[in-house]
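What follows is the residue order along each chain.
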Amino acid sequence: MRPLNRITPSAPVTAFQTYRIISPPDRSVRSACEEVGCAAWLHGWETKVDEHTPLGQAQAAYIRQQSGRTFRELRAVEGLTVFRFTSRQRCFAEHRTRPEIYSVRGGDWRQDLGVLRHHQRGADWVEDFATHQDRLADQQRKG
């Protein structure tokens, strides 16, 4: 690994903020279809069930009585029941993602001055970062 070649800043460490996104490597969380870009959530999907079998009967009963999802029921030529689910509802898969921690810390690479704030959503972190960049640009224009 090449050593880092860093220029020492002219301002004190207290004049800096460090924006970081950290994803713990050993953890995953259950995620909503919308968060992971699930195609079934976005476009809807079909589930074909053979109700001539005990498994198919149980699946059809679950879909009709317990799933809580919106669907249309059709009969296929092959003797199968087709459940056509509308878009923008949770699919039957369990999606998992790694959580991300959106932090803003005081200081820079020379010294960590502690957490200033944690954001719950990436969009909030991006907005904070953009506001900070605008503030720096304004200060630079003013001299």
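Residues numbered from 1 in each chain as written. Predicted model: local features only at pLDDT ≥ 70, side-chain atom pairs only at ≥ 80, totals over all residues. Heavy atoms only, no water.

Q: Would you mind going over the pairing of strand E8 (residues 111-119) with me for this structure?
A: Consecutive residues of a regular strand have side chains that alternate between opposite faces of the sheet. Bridge analysis of strand E7 (residues 101-108) against E8 gives six bridges, and the strand direction is antiparallel. When the bridges of E8 are listed, Gly107 appears paired with Asp112. Here E7 folds back onto E8 in antiparallel fashion, the turn holding two residues. (Pairing = 2+ DSSP bridges. Helix = DSSP H or I, 4+ residues; strand = E, 2+ residues; numbered from the N terminus.)

Q: It is not clear to me how helix H4 (residues 122-142) should be interpreted in this structure. Could you clarify?
A: Along an α-helix, residues three or four positions apart point the same way, because every turn accommodates 3.6 residues. With 21 residues, H4 should cover 30 Å at 1.5 Å per step; its first-to-last C-alpha distance of 30 Å lies within 8% of that length. Within H4, the full set of buried residues consists of Trp125, Asp128 and His132. On an axial view of H4, the arc spanned by its buried residues comes to 65°, and they lie on one face. Within H4, the exposed residues directed more than 90 degrees away from the buried face are Glu127 and Arg141. Residues of H4 that are buried in the fold lie against strand E1 (17-22), E7 and E8. Taken from the residues just after H4, Gly143 is the one with a positive phi, measuring 90°. (Expected span 1.5 Å × (residues − 1). Buried < 20%, exposed > 50% of the residue type's maximum accessible area, 1.4 Å probe, protein only. Arc of directions from axis to C-beta. Contact = heavy atoms within 4.5 Å.)

Q: Any chance you could explain the sheet that holds strand E5 (residues 81-85) here in plain terms?
A: The strand order across the open sheet built from three strands is E3-E5-E4, with neighbouring strands paired in antiparallel fashion. Of all the strands in the sheet, just strand E3 (45-49) and strand E4 (71-75) have a single pairing partner and so form its edges. Ignoring which end each strand starts from, the neighbouring axes of this sheet average 20° apart. (Axes fitted to C-alpha atoms, helices over the stretch in contact; angles between N-to-C directions.)

Q: Would you mind going over the sheet that holds E7 with me for this structure?
A: Judged by pairing direction, the sheet is antiparallel, and its three strands sit side by side in the order E1-E7-E8 without closing on themselves. Across the chains shown, the open sheet's two edge strands, defined by having one partner strand only, are E1 and E8. Going across the sheet, the axis of each strand differs from the next one's by a mean of 30°, ignoring polarity. With six bridges connecting them, E1 and E7 associate as antiparallel partners. Bridge pairing in E7 links Gln17 to Gly106. Against the sheet, H4 touches E1, E7 and E8, its axis set at about 160° to E1.

Q: It is not clear to me how the nonpolar core should be interpreted in this structure. Could you clarify?
A: Among soluble globular proteins, nonpolar side chains are generally buried collectively. Counting 11 residues, the largest nonpolar core is built from Cys33, Cys38, Ala40, Trp41, Trp45, Val49, Ala60, Ile63, Phe83, Phe85 and Cys91. Elements represented by at least two residues in this core include exactly helix H2 (39-43), E3, helix H3 (54-65) and E5. With near-sequence residues (within four places) excluded, Cys91 lies in contact with Cys33, Cys38, Ala40, Trp45 and Arg69. (Core = buried A, V, L, I, M, F, W, Y, C linked by side-chain atoms within 4.5 Å.)

Q: Help me out: how do you make sense of the pattern of salt bridges in this one?
A: As a working rule, side chains carrying opposite charge can pair if their charged atoms are close by. One pass over the structure, following the stated rule, counts 11 salt bridges. For the salt bridge of Asp108 with Arg110, the shortest nitrogen-to-oxygen distance reads 3.0 Å. With relative accessibility at 13%, the residue Asp108 sits in the buried group. Two residues, Arg121 and Asp124, come together in a salt bridge whose shortest N-O distance is 2.9 Å. (Salt bridge = Lys/Arg side-chain N within 4 Å of Asp/Glu carboxyl O.)

Q: So what exactly am I meant to see when it comes to the side chain of His119 here?
A: With respect to the helices, strands and loops of the structure, His119 is situated in strand E8. A polar atom in the side chain of His119 sits 2.8 Å from the side chain of Asp128. Ignoring any residue separated from it by four or fewer positions in sequence, one finds His119 in contact with Tyr102, Val104, Asp124, Trp125 and Asp128. (Polar contact = N/O pair within 3.5 Å; in protein donor to acceptor, adjacent residues only side chain to side chain.)

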